[in-house]
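# Architecture at a glance
Residue strings, one per chain:
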Amino acid sequence: MQTIRLEVEDSKLSIVLNLIANLKDSVIAKYEVVNETKESRDFINISQTSFEKTWDNQEDSVYDKFLQV
C-alpha cells in the first residue's frame, strides 16, 4: 500500500473530497482531511532546515528518506 499527500486550496477541497468519495469503494482504502493553519505551515517550513541539519550526518543516513515530503 502507498500513501499520497495532497495539498489542496480550501476553495477546492469539496471537489477533491467528492472525487475521493467516488473512488473510495474500489480504489482508496482510507482518507483523512488534516486542517493546518498558516501558523502551523510556517512553523513546519522554518523548522525543516533545522531538522535537516540535525539529521544530515552519516550515522542517521538511514532515516533521511523520512525527511522528504
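Residues numbered from 1 in each chain as written. Predicted model: local features only at pLDDT ≥ 70, side-chain atom pairs only at ≥ 80, totals over all residues. Heavy atoms only, no water.

## Regarding the layout of surface pockets
Operational definition: Method remark: on a 1 Å grid restricted to protein atoms, a set of points is classed as a cavity if a 1.4 Å probe fits but cannot get out and as a pocket if it is open with protein on both sides within 12 Å along at least five of seven lines; lining residues have an atom within 4 Å of a point. Grid points are joined across faces, edges and corners, and a volume is the space filled by probe spheres set on the points. Segments assigned H or I by DSSP are reported as helices when at least four residues long, segments assigned E as strands when at least two residues long, and all are numbered from the N terminus. Polar here means any residue other than Ala, Val, Leu, Ile, Met, Phe, Trp, Tyr, Cys and Pro, which are nonpolar, and Asp, Glu, Lys and Arg, which are charged; Gly is therefore polar.
Volume-wise, the largest pocket comes out at about 1500 Å³. Around the largest pocket, the lining comprises 34 residues; the ones closest to its centre are Ile4, Arg5, Leu6, Glu7 and Glu32. Broken down by secondary-structure element, the contributors of at least two residues to the lining of the largest pocket are α1 (13–23) and α2 (38–55). In terms of residue class, the lining of the largest pocket is built from 20 nonpolar, six polar and eight charged.

## Comments concerning the pattern of salt bridges
Quick reminder of the rule: Any Lys or Arg side-chain nitrogen located within 4 Å of an Asp or Glu carboxyl oxygen qualifies as a salt bridge. Between buried and exposed lies partly exposed: a residue is buried under 20% and exposed over 50% of the maximum accessible area for its type, with that area taken using a 1.4 Å probe on protein chains only.
Taken as a whole, this structure holds one salt bridge when the rule is applied. As a salt-bridge pair, Glu7 and Arg5 come within 3.9 Å of each other at their nearest N and O atoms. Using a relative accessible area of 67% as the deciding quantity, one classes Glu7 as exposed. Since its relative accessible area comes to 53%, Arg5 is described here as exposed.

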